[in-house]
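Breakdown of the fold
What follows is each chain in one-letter form.
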Amino acid sequence: MYILGIESSCDETAAAVMENDSRLLSNIVNTQIDIHRKYGGVVPELASRKHLEDIYPVVDAAIQEAGITLDQIDTIAVTQGPGLIGSLLVGLSFAKAISLVKKIPYVGVDHMAGHLISVFLGHKKPEFPYIALVASGGHSSIFHVSSPSAYSLLGRTRDDAAGEAFDKVAKIIGLGYPGGPAIGALSKKGNPEAVKFPRSWLEPGSPDFSFSGIKTSVANYVKQNKVLSDQEARQPVDQESLIADICASFQEAVVDVLVEKTLTCALQKNIKTVVLSGGVSANIRLRQVMEERGHQKGLEVFMPPLEFCTDNAAMIALAGYYQRDKASLTYDMDVYSRISAQ
Amino acid sequence: MPHSTKTQLQLTTLEDTLNLGIHLGGTALPGDIFTLAGDLGAGKTTLTQAIGQGLEVPKECYITSPTFSLLHEYPGRIPLYHMDLYRLGSEDEFIELGFEEYMYGDGLTVIEWPDRLGSLMPLSRLHLELTTVNETSRSVLITGFGDIAERFSSFLPGS
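These lines cover the structure that appears in this document, whether it is placed above or below.

Calculation criteria
- Residues numbered from 1 in each chain as written.
- Chains lettered and ligands numbered in written order.
- Predicted model: local features only at pLDDT ≥ 70, side-chain atom pairs only at ≥ 80, totals over all residues.
- Heavy atoms only, no water.
- Contact = heavy atoms within 4.5 Å.
- Salt bridge = Lys/Arg side-chain N within 4 Å of Asp/Glu carboxyl O.
- Polar contact = N/O pair within 3.5 Å; in protein donor to acceptor, adjacent residues only side chain to side chain.
- Helix = DSSP H or I, 4+ residues; strand = E, 2+ residues; numbered from the N terminus.
- Nonpolar A, V, L, I, M, F, W, Y, C, P; charged D, E, K, R; others polar.
- Phe/Tyr/Trp six-rings, centres within 6.5 Å; stacked < 30°, edge-to-face > 60°.
- Buried < 20%, exposed > 50% of the residue type's maximum accessible area, 1.4 Å probe, protein only.
- Lys NZ or Arg CZ within 6 Å of the ring centre and 35° of its normal.
- Core = buried A, V, L, I, M, F, W, Y, C linked by side-chain atoms within 4.5 Å.
- Pairing = 2+ DSSP bridges.
- Axes fitted to C-alpha atoms, helices over the stretch in contact; angles between N-to-C directions.

Our next topic: the interface of chain A and chain B. With 28 residues of chain A at the contact, the number on the chain B side is 25 residues. Across the contact surface, chain A and chain B share zero salt bridges. Our count for the contact surface shared by chain A and chain B stands at seven residue pairs in polar contact (both at pLDDT 80 or more). Only helix H2 (44-66), helix H5 (162-172) and helix H7 (212-224) of chain A provide two or more residues apiece to the side of chain A that touches chain B. Examining the composition of the side of chain A that touches chain B, we find that seven residues originate from one element, H7(A), more than from any other. Tallied by class, residues from the side of chain A that touches chain B come to seven nonpolar, eight polar and 13 charged.

Structural data, given as structure tokens:
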């Protein structure tokens, strides 16, 4: 059976075709990062308009590349939430329209469900149950995943998401959007021990995150040490290494908390497998530290190939495959913006 | 000229910020608007969390940054609408998103980065401008504009 996946929850318009749960026939991602870069973030209204322009060509390309026709699609899977309402609506309305005209059942898929099983799009596949960390621009959550469609939320951020912290820190030190790749790249040249930024552990044993404080610490450090205002007084080399040290130290602090909390959840639940997903899991240092410390604690760590860490429709098609029983031809479904607590 | 009052407060500890927020949330009435200004890291999220506490938002509803999704809604004694306009380009976008409908509704609206509102800036509002003094202390300049000013001036020391 063929599943068409459609994803438009944030700044990516994406479509993919899967044959059952094993063969990915096409995977088209049209990112809006260039448009948003000059604004220093995702501008929602721009995002919806761009989705509108892109959705038809992206879905069309996915079907063509898969070498099938629209009539051969058995189920349409579309991201229902969480995300930007205006952006989500473009994807959902498009899916409904195809469904209505072609009489193809469609199913609304939770964006998190997609991230949680995106690891199965790679070659190395984990066994259930596992503990999964989803870290991205909008989320930092730990889940207990017991099957492709059954999962429960263990911990989440109480203020900022990890990716949001990367974006905001990038803004504070004058790097562009998105912040993650820029900070990740500069960190390689910096010393992660240079600045001891605080780690927010919250109450002992809490699986929740807080990344608002570290952003504040970086802002204070930059101000106190006149990192930006004394820029011209320094040698360009010194300025560069100062920024690199801040990046590396900040990244280390965020990675440290993400890894420790995730591994602690696995140990507490006596689960031997840990899975990493979401845009922040493309961060090389996070992948490295999760793998090293996971192995030290006797856990097996899995992560999706880089292309499936960031938002994509292949993971939505895959999640849709497992939820195909819920696909229908009724059209009262709506989108939602926030992660649900169950 | 709309009536306005100003108060400058020193928030020496985190507890001072929490107390202020709880007071503000406890005094808020439906249709009230608080606008919050201050740099990244000045404590806008922390203050909003305390305002939520004053509004009796249930503990299990974490008040998280709305930067990504722009608007978060929480149940409480009266609803809390928490907006972050950081990523908005203009006031037109604010209208297109339908956010104006929340502002004069049945809850308290807290707006971060209100400068994006332009001509839509409400006449009656409590404006809180947070400044970082050092790692733990902040100072806040509270300005009451319009009808709301009198109701909040009574418990704000120094006014």
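By the definition in use, this model includes 15 aromatic pairs over all chains. Arranged with centres 5.0 Å apart and planes meeting at 75°, the rings of A:Phe166 and A:Phe250 form a pair that is edge-to-face. Linking A:Phe166 in helix H5 with A:Phe250 in helix H8 (residues 236-268), this pair joins segments that are 84 residues apart in sequence. A relative accessible area of 3% means that A:Phe166 is categorised as buried. Seen in terms of ring centroids, B:Tyr86 and B:Trp113 are 4.9 Å apart; in terms of plane orientation they differ by 45°. Their pairing is tilted. With a gap of 27 residues between them, B:Tyr86 in the loop between strand E4 (80-84) and helix H3 (91-96) and B:Trp113 in the loop between strand E5 (108-112) and strand E6 (125-132) connect regions that are remote in the sequence. With respect to class, B:Tyr86 is no different from B:Trp113; both count as buried. Among the aromatic residues, ring-to-ring pairing joins B:Tyr81, B:Phe94, B:Phe99 and B:Tyr102 into one connected group. The residue whose ring lies beneath A:Arg156 is B:Tyr62, and the NZ or CZ to ring-centre distance is 4.3 Å. Across from the ring centre of A:Tyr321, 4.1 Å away, lies the NZ or CZ of A:Arg324, which sits over that ring.

The next point concerns H5(A). Residue and element names in this part refer to chain A. With respect to burial, H5 is a largely interior element, nine of its eleven residues being buried. Buried residues in H5 make contact with strand E7 (140-147), helix H6 (179-187), H7 and H8. Looking one or two residues beyond H5, the residue adopting positive phi is Gly 174, at roughly 80°.

Here we take up the nonpolar core. In terms of nonpolar packing, the biggest core is built from 62 residues, with A:Phe211, A:Phe250, A:Leu258, B:Leu85 and B:Phe94 touching the most fellow members. When contributions to this core are tallied by element, the ones reaching two or more residues are strand E6 (130-135), H5, H6, H7, H8, strand E9 (273-277) and helix H9 (284-296) of chain A together with E4 of chain B. The biggest single contributor to this core is H8(A), with 14 residues. Leaving out residues up to four positions away in the same chain, B:Phe94 has contacts with B:Met83, B:Leu85, B:Leu88, B:Phe99, B:Glu100, B:Met103, B:Leu117 and B:Leu120. If you look at the next biggest cluster of nonpolar residues, it comprises 32 residues, including A:Ala16, A:Leu121, A:Ala132 and A:Ala319.

With that settled, consider the sheet that holds E7(A). Strand pairing within a sheet occurs via backbone hydrogen bonds; the two strands may be parallel or antiparallel. Residues and elements named next belong to chain A. Sheet architecture is open: five strands sit in the order E8-E7-E6-E9-E10, paired in mixed fashion. If you trace the sheet from one side to the other, it starts and ends with strand E8 (150-155) and strand E10 (300-302), each paired once. The average undirected angle you get between the axes of adjacent strands in this sheet is 25°. Alignment of E7 against E8, held across five bridges, turns out to be antiparallel. Bridging from a neighbouring strand, Val 145 pairs with Tyr 151 of E8. Of the strands in this sheet, E6, E7, E8 and E9 are in contact with H8, which crosses E6 at around 155°.

With that settled, the discussion passes to helix H2 (residues 44-54) of chain B. Most of H2(B) is tucked away, with eight of its eleven residues classed as buried. Those residues of H2(B) that fall on the buried side of the exposure criterion are B:Lys44, B:Thr45, B:Leu47, B:Thr48, B:Ala50, B:Ile51, B:Gly52 and B:Gly54. Those residues of H2(B) that are buried are in contact with H7 of chain A together with helix H1 (14-27), strand E2 (33-37), E4, E5 and E6 of chain B.

Turning our eyes to something else, we now look at the pattern of salt bridges. If charged atoms from side chains of opposite charge come close, those side chains can pair. All names here are of chain A. Within this structure, the stated rule accounts for 13 salt bridges over all chains. The partner of Arg 158 in a salt bridge is Glu 203, and the shortest N-O contact between them spans 2.9 Å. Placement of Arg 158 in the loop between E8 and H5 and of Glu 203 in the loop between H6 and H7 is noted, with a sequence separation of 45 residues between them. One salt bridge in this structure joins Glu 260 and Arg 293, with 3.0 Å as the shortest N-O distance.

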